[in-house]
Amino acid sequence: MIRNYFKTAWRNLWKNKFYSTINIAGLAIGLAVGIMILIWVQDEYSYDGFHKNAGDIYKVNSHLGKGSDESVWEGAPGPIAVFCKQSIPEVVNVVRIDNVNMKLQISYKENRFFGSGMAHVDSTFFSLFDFRLLQGDTKQPFPNMNSVVISASEAKKYFGNENALGKVLTTSGLGNFTVSGVMQDFPANSTLQFKILFPMALDADYFEKSGGNGNWKTIDEDLGSFSFQTYLQLQQGASPQTVAEKITKIFRDKKGSDAKNDFFALQPLTSRHLVAADGSTDAQQTVKMFLLVAVFILLIACINYINLSTARAVIRSKEVSVRKIIGAAKMQLFIQFIIESALVFLFAAVLAFLIIYLLLPLYNNISGKNLVFSLADRNVWLVVVSSITGTLALSAIYPAVQLSSFKPIQALKGRISFGMGNVFFRKILVVTQFVFSVALITATIIISQQLKYIREKDLGYNKENVFKVPLKEELQNHYDAVRAELLKQPGISGIATSGNSIVGSYSSTGDTYWEGKETGRTFLVQTNAIDQNFIPLLNLKLQAGSNFTGGKGDSASFILNETAVKEAGIKDPIGKSFTLWQTKGTIIGVVKDFNYASLKDPVKPSVFFYKPSNPVMYVKTSGKEAPGAIAAVQKIWQSYAAAYPFEYSFIEEDYNRLYQADQRTGALFNVFTVVAIFISCLGLFGLVTYTAQVKTKEIGIRKVLGASVTNITSLLAKEFVILVLIAFIIATPAAWLAMNKWLENYTYRISINWWIFIAAGAAAVLIAVLTVSFQSIKAAIANPVKSLRAE
């Protein structure tokens, strides 16, 4: 019996090759895209879940100040770890991580490399986290202060196939280190990504030798530096809220009234990838949006299949009736049609797998991921089986029920009526498809408009034709000579330096004071060291006062941005005293606010202090002369720092990198929109085919009575245009709400104009008309004699 079902199903598919091809193609594309999105979503939600105790591991986040002054830091003071170990019994284990935010030259014998992805960590790192140590002692990874643990890929880079343990690496500025451990490369779905780990004792030694921080002489005492990522493993069932309150109480008791507004919160490790320290869920919203898009596309594929199946129901009615008359039961027919659907899905799934294998490299390139579609992966199987099973169940049942429910006598007489309910249901399906499509078109337009706004917005400084070069110590020590030589070169119109790049986050501190500052107030400012050429080279505007002159007096002078002056409440700031890091000076200028970080964030209070030579050099050139300017800087580099590879980047490129994730989201939405529209059009094509078949005799009579091709085409197309307009009316408010929520991620954003929805609706109507017109015109030009021959 089962064999007969499959034989009959195969014959039917083979007999109707055109419709079978459309069915299989629509389902295959929908499944392929849906599965790829769901694999991406699954990967996003899998971050840090591989740790055995992931559910009990939390990160300590610091909340400093209150009200408009409140800021959230991902770091915490070093003593927090000490407090937890000594005074909070709920804490089972604790580890501190202090990132090394620089590239370090590392040498082995005659070979020189650049190391990145570095951090100082406590010795408990490998006992709290489940990063595998291939060689070395997990409990004591650092035998002494000059030990280092490196990843397997770093070991391969430095030593080839030699055993890395015991080898000595020489670094520029930090001394020699003996390899005491080799760890497996961190998984891609880990928020922590390190290649080289130094002992925390090294960080502590440097801190003590540099004189500490005021009255605090060790990192275990320093309550003023919030630079340590601190992770806690709690006892099972322990309340993170209770632990956070205990940490806050101890901190306030130790620091006094200055900390009365500060508190700490614990963030689950598994939420770190998608939830920011301040609780914002921008990344999580994007993942949920993609999950919704995957569901939409799979639903559109289901609707497409249902519409095409029901469009063919009229033709198959006599076949079903004959089967019923000769004894076929309704359940047998139902099983027959379910098997037909299963066979279609089998072919579609095979084709979907092929599409995934072919397009996955392109998909990875657009999404910035390195996803692998392996059927040996349990998670991939989970996504594939759930997608195919869910889609098959939704798609196959309704057509099977409908096709097995024909009344045989009426069907054989040609009097078939599916009822108003069935017709209405099919119309709902088409409307649903185009609701999704119109919403995706709208989202695509709004995302592209926001990204265009970001590219074109005046940031408050001139980033065009300016490239930056990280200066090594050798160049900083000879900066005046380097600058003088470069300014002689054609194509170079200006040179300046700063402590931090103008693009991205600056260093922050709360160690500030001015006359009138309230006692106990935590006022965090972004700080940047600059020379006297920084402001004019980048065309920053002074709102009041003057720039640095390069004289000795500049060492006790500060320039604040407008936000710093406003939030500090300093009236007539020029000439007023201001203290930064216990250096008392005078405010000599106020610079207009400029966007140095992402436009998702508001401009933060900033303080600029003078330093004649800094780690970042800016070179102003022109578009045509840029290659010559870069070559000139490289030549100077070789004269002073030949041991280091030359590096540079244009500020505009750095700025664009801030929005790389958003650009990828926009690109993916473009792809998803095209796929959704294509599959929706297949469904629409199926429904118009069905309508043309049902109205064959009506069309014939109209033609005999003198109706033109245009009249008949309009008759058939009008109904579907109305359905698309209904979809537009439903999709517009839903799309507005969703995209308005997405735009809230940006402090600086576009307004959603009415023309965007009109454009999306017009595009959907145009696509629908083009789809419907083909079958409508075909029906309109058919010979009426053939359709009326039986009358």
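Not measured: the values here are computed from a predicted model.

> It is not clear to me how the overall build of the chain should be interpreted in this structure. Could you clarify?
A tally of regular secondary structure across the chain gives 24 helices and 25 strands. Sequence separation of 24 or more characterises 79% of the internal contacts of the chain that already satisfy a separation of 6 or more.

> I would appreciate a short explanation of the nonpolar core in the present structure.
Here is a general trend for soluble globular proteins: nonpolar side chains tend to be buried in one another's company. Membership of the largest hydrophobic core comes to 112 residues, with the highest contact counts inside it found for Ile37, Phe373, Tyr461, Ile502, Phe534 and Leu538. No other element matches helix H13 (residues 419–456), which puts 14 residues into this core. For Phe373, the residues in contact, after removing those within four places along its chain, are Ile35, Ile39, Phe353, Ile356, Tyr357, Leu360, Val380 and Val384. Judged by nonpolar contacts, the second largest core, of 26 residues, contains Val60, Ile247, Ile250 and Leu524.

> What exactly am I supposed to notice about the pairing of strand S21 (residues 577–580) here?
Relative to S21, strand S17 (residues 512–514) runs antiparallel, the two being bridged by three bridges. Pairing of Tyr513 across the sheet is with Thr579, part of S21. As defined by bridge partners, S21 adjoins strand S22 (residues 583–591) across four bridges and the pair is classed as antiparallel. Opposite Thr579, over in S22, you have Lys584 as the bridge partner. Here S21 hands over to S22 after two residues, with Trp581 in that stretch at a positive phi of 55°.

> Honestly, empty space enclosed by the protein in this entry has me stumped. Any pointers?
A probe matching the size of a water molecule, rolled over the atoms, marks out where space remains unfilled. Taken as a whole, this structure holds three cavities of 30 Å³ or more when the rule is applied. Taken as a whole, the second largest cavity encloses approximately 40 Å³ of empty space. Forming the walls of the second largest cavity are Ile106, Val148, Leu169, Thr171, Phe177, Ile196 and Phe198. Among the elements of the structure, strand S9 (168–171) and strand S11 (196–199) are those that each provide at least two residues to the lining of the second largest cavity. Per-class residue counts for the lining of the second largest cavity are six nonpolar, one polar and no charged.

> Looking at this structure, how should I read the packing of helix H3 (residues 79–87) against helix H7 (residues 240–255)?
Pairs of packed helices are described in terms of their axes, by the angle between the two and the distance that separates them. Two elements in contact, H3 and H7, have axes separated by 10 Å at closest approach and are oriented at 115°. The handedness of the crossing between H3 and H7 comes out as right-handed. When H3 is examined against H7, the residues Ile80, Phe83, Cys84 and Ser87 are found in contact with a partner set consisting of Ile247, Ile250, Phe251 and Lys254. For the contact of H3 with H7, the per-class residue count stands at six nonpolar, one polar and one charged.

> Would you explain the packing of aromatic side chains in this entry?
To describe a pair of aromatic rings, one takes the distance between the centres and the angle between the planes. As enumerated under the stated definition, the model contains 33 aromatic pairs in all. Summarising the aromatic geometry, the rings of Phe594 and Tyr596 are spaced 5.8 Å apart at their centres and angled 65° between planes, so their arrangement reads as edge-to-face. By relative accessible area, Phe594 is classed as buried at 2%. The ring centre of Phe228 lies 5.8 Å from the NZ or CZ of Arg96, which sits over that ring.

> Could you clarify how one ought to interpret the packing of helix H15 (residues 479–487) against helix H18 (residues 626–641) in this entry?
Direction vectors running N to C along H15 and H18 enclose 150°, while the axes themselves pass 10 Å from each other. With respect to their mutual orientation, H15 and H18 come out roughly antiparallel. Judged by the twist between their axes, the crossing of H15 over H18 is right-handed. For the pair H15 and H18, contact is made by Ala481, Val482, Glu485 and Leu486 and by Ala632, Val633, Ile636 and Tyr640, respectively. Along the lines of polarity and charge, the residues of the contact of H15 with H18 split into seven nonpolar, no polar and one charged.

> What is the right way to look at unusual backbone geometry in this model?
Its identity is not glycine, yet Asp48 carries a phi of approximately 65°, on the positive side. Along the chain, Asp48 turns up in the loop between helix H2 (17–45) and strand S1 (57–64). The phi dihedral of Asp572 is positive, around 45°, even though this residue is not glycine. Following the sequence through the fold, Asp572 ends up in the loop between helix H17 (562–568) and S21.

> Whenever I open this one, the pairing of strand S3 (residues 91–100) confuses me. Can you help?
Within a regular strand, the side chains alternate between the two sheet faces. Most of S3 sits out of view: eight of its 10 residues are buried. Bridging between S3 and strand S12 (residues 229–234) involves six bridges; their strand directions are antiparallel. Looking at the pairing, Val91 lines up with Leu234 of S12. Pairing between S3 and strand S6 (residues 118–121): four bridges, direction antiparallel. Each bridged residue has a counterpart across the sheet, and for Asp98 the counterpart in S6 is His120.

> Even after reading the chapter, I still don't get the pattern of salt bridges, so can you show me in this structure?
A side chain of one charge can pair with a side chain of the opposite charge if their charged atoms are brought near each other. On inspection of all chains with the given rule, the structure shows 13 salt bridges. Its salt-bridge partner being Glu74, residue Arg272 comes within 3.2 Å of it at the nearest N-O pair. One end of the pair, Arg272, is in the loop between strand S13 (263–268) and helix H8 (282–311); the other, Glu74, is in the loop between strand S2 (71–73) and H3, with 198 residues separating them in the sequence. Classification of Arg272 by relative accessible area gives buried; the value is 18%. In this structure Glu74 comes out as partly exposed when scored by relative accessible area, which is 39%. Put simply, Asp43, Glu44 and Lys369 are held in one network by salt bridges that share partners.

> Explain the environment of Thr497 here, please?
In this structure, Thr497 sits in strand S15 (residues 494–498). In this structure Thr497 comes out as buried when scored by relative accessible area, which is 0%. C-alpha separation for the pair Thr497 and Pro470, spaced 27 residues apart in sequence, amounts to 9.6 Å. Only 2.9 Å separates the side chain of Thr497 from the side chain of Asn614, close enough to count as a polar contact.

Rules used in this analysis
- Residues numbered from 1 in each chain as written.
- Predicted model: local features only at pLDDT ≥ 70, side-chain atom pairs only at ≥ 80, totals over all residues.
- Heavy atoms only, no water.
- Helix = DSSP H or I, 4+ residues; strand = E, 2+ residues; numbered from the N terminus.
- Contact = heavy atoms within 4.5 Å.
- Core = buried A, V, L, I, M, F, W, Y, C linked by side-chain atoms within 4.5 Å.
- Buried < 20%, exposed > 50% of the residue type's maximum accessible area, 1.4 Å probe, protein only.
- Pairing = 2+ DSSP bridges.
- 1 Å grid on protein atoms, 1.4 Å probe; cavity = no way out; pocket = protein on both sides within 12 Å on 5 of 7 lines; lining within 4 Å.
- Points joined across faces, edges and corners; volume = space filled by probe spheres on them.
- Nonpolar A, V, L, I, M, F, W, Y, C, P; charged D, E, K, R; others polar.
- Axes fitted to C-alpha atoms, helices over the stretch in contact; angles between N-to-C directions.
- Left-handed = near helix turned anticlockwise from the far one by under 90°.
- Phe/Tyr/Trp six-rings, centres within 6.5 Å; stacked < 30°, edge-to-face > 60°.
- Lys NZ or Arg CZ within 6 Å of the ring centre and 35° of its normal.
- Parallel < 35°, antiparallel > 145°, perpendicular 65-115°, else oblique.
- Salt bridge = Lys/Arg side-chain N within 4 Å of Asp/Glu carboxyl O.
- Polar contact = N/O pair within 3.5 Å; in protein donor to acceptor, adjacent residues only side chain to side chain.

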